[in-house]
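Below, each chain spelled out in residue letters.
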Amino acid sequence: VNRAKRTGHTEIYQSRIFALARRQFGIETELRRAIETGRMRLHYQPICDLATGKVTSFESLARWRTEDGLELSPTEFIPVAEESGLIVPLGRWAIEEAAKTLAIWDRMSDASRDIRVAVNLSAIQFQRDDVPALLREVLSRNGIGGNRITLELTESAIVADPDRISQVMQALKDIGATLAMDDFGTGYSNLAYLQRLPIDVLKIDRSFVAGMLADPDKIAIVRAVLSLAQALGMRTTAEGIETKELAQTLAALGCTYGQGFLYSRPLPPDEAHQFLVERNA
Ligand code: C2E
Ligand code: MG
Ligand code: MG
Ligand code: MG
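Worth saying up front: this structure is predicted, and the values here are computed from it rather than measured.

**Digging into the site of ligand 1**
Working step 1: Near ligand 1 you find 22 residues, and of these Glu59, Arg63, Asp182, Glu242 and Phe261 are the closest.
Working step 2: Residue Asp182 places a side-chain N or O atom 2.8 Å away from an oxygen atom belonging to ligand 1.
Working step 3: The separation between a nitrogen atom of ligand 1 and a polar side-chain atom of Arg206 is 3.1 Å.
Working step 4: Broken down by secondary-structure element, the contributors of at least two residues to the shell around ligand 1 are β2 (55–65), α3 (74–84) and β6 (178–184).
Working step 5: With four residues, β2 is the largest single contributor of residues to the shell around ligand 1.

Right under this line is the structure:
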């Protein structure tokens, strides 16, 4: 049943992507136009300190509303963007958008002054683009400090070019950015990179967190990641927290931050600001 269900989902995704590809210009042109015409948006999901419950940052997540009224998920269009190379302009746009949103929030109230926004960057962005130079320029033009930005990268960025990523990460640290390793535990890299690279936060993948209360193997993995992070002086974020019980357990295990539908789904910028004001009051 499960397998049939998954196949069904894949078919829906494929037909949605094909519907776009059938249009006159094809999906790559559609994607480029979406970025240029404001059909690509960032939504913001709060990340809370598990000990206090206060919001400390937001993760920005791309949303694409097509001209046909479809709401495409990043799991559908990020792979297309990576294959076509459009991930580079998409990543540039995301950094710009995140900085602008922070500047808008800062004008709306004092609530966002110490709040960071995290931007997801694909491995390809780090290979093909000068991310530190871009970040420096965007931040200074928007009047935002480097300490307000987190960059989320995956193990694939390290595997692709370990020497280059090490230099890039150091340059990002020099700007003041926070560096988070996304989907930790799902990649194929060698753990030795953890002691060489200036990583601040390990994000424990939702596949280990959701359902861990009913699964001793998952709890064992989560505990191991937490003690590894602690030994290396890194903070931790648990993804996919949907229940209070899970948040309490993770707090008791010493996890630093939590993110998930328990707190909020990813929200448009105005609603995210409102959430912040109410939650941190
Ligand atoms: P991610 O970076 O690991 O982001 C977390 C994903 O988990 C998001 O899915 C978020 O909506 C979802 N999520 C958060 N809390 C919960 C929960 O409690 N339950 C469940 N079931 N899901 C939860 P989303 O927005 O569909 O993004 C999927 C992936 O697409 C992201 O995974 C990230 O790898 C990628 N992505 C999203 N936006 C961007 C972007 O701007 N640039 C790049 N390069 N990748 C992006
Ligand atoms: Mg992420
Ligand atoms: Mg993640
Ligand atoms: Mg994930």
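**Some thoughts on the pairing of strand β7 (residues 201–204)**
Regular strands show a simple pattern: their side chains alternate between the two faces of the sheet.
Working step 1: Burial along β7 is two-sided: the face carrying Val201 and Lys203 and the face carrying Leu202 and Ile204 are both buried.
Working step 2: Bridge count for β6 against β7 is three bridges, and the pairing is parallel. Paired with Met181 across the bridge in β7 is Leu202.
Working step 3: Pairing geometry for β7 and strand β8 (residues 235–238), over four bridges, is parallel. Across the sheet, the residue bridging to Val201 is Arg235, located in β8.

**A word on the confidence of the model for the protein chain**
Working step 1: Counting all residues, the mean pLDDT for the protein chain is 91, and 91% of those residues have values of 70 or more.
Working step 2: Residue range residues 1–6 is modelled with pLDDT below 50. Its contacts to residues more than four positions away, or to other chains, number zero contacts.
Working step 3: Scored as a whole, the predicted complex attains pTM 0.93, and scored at its interfaces, ipTM 0.98.

**Re the environment of Pro46**
Working step 1: Tracing the chain through its elements places Pro46 in strand β1 (residues 40–49).
Working step 2: We classify Pro46 as buried; its relative accessible area is 0%.
Working step 3: With sequence-adjacent residues up to four places away left out, Pro46 is seen in contact with Val55, Ser57, Phe58, Gly258, Gln259, Ser264, Arg265 and Phe275.

**What to know about unusual backbone geometry**
Working step 1: One non-glycine residue, Asp183, lies in positive phi territory at about 50°.
Working step 2: Mapping Asp183 onto the fold places it in strand β6.

Rules of the game
- Residues numbered from 1 in each chain as written.
- Chains lettered and ligands numbered in written order.
- Predicted model: local features only at pLDDT ≥ 70, side-chain atom pairs only at ≥ 80, totals over all residues.
- Heavy atoms only, no water.
- Near = heavy atom within 4 Å.
- Polar contact = N/O pair within 3.5 Å; in protein donor to acceptor, adjacent residues only side chain to side chain.
- Helix = DSSP H or I, 4+ residues; strand = E, 2+ residues; numbered from the N terminus.
- Buried < 20%, exposed > 50% of the residue type's maximum accessible area, 1.4 Å probe, protein only.
- Pairing = 2+ DSSP bridges.
- pLDDT = per-residue confidence, 0-100.
- Contact = heavy atoms within 4.5 Å.

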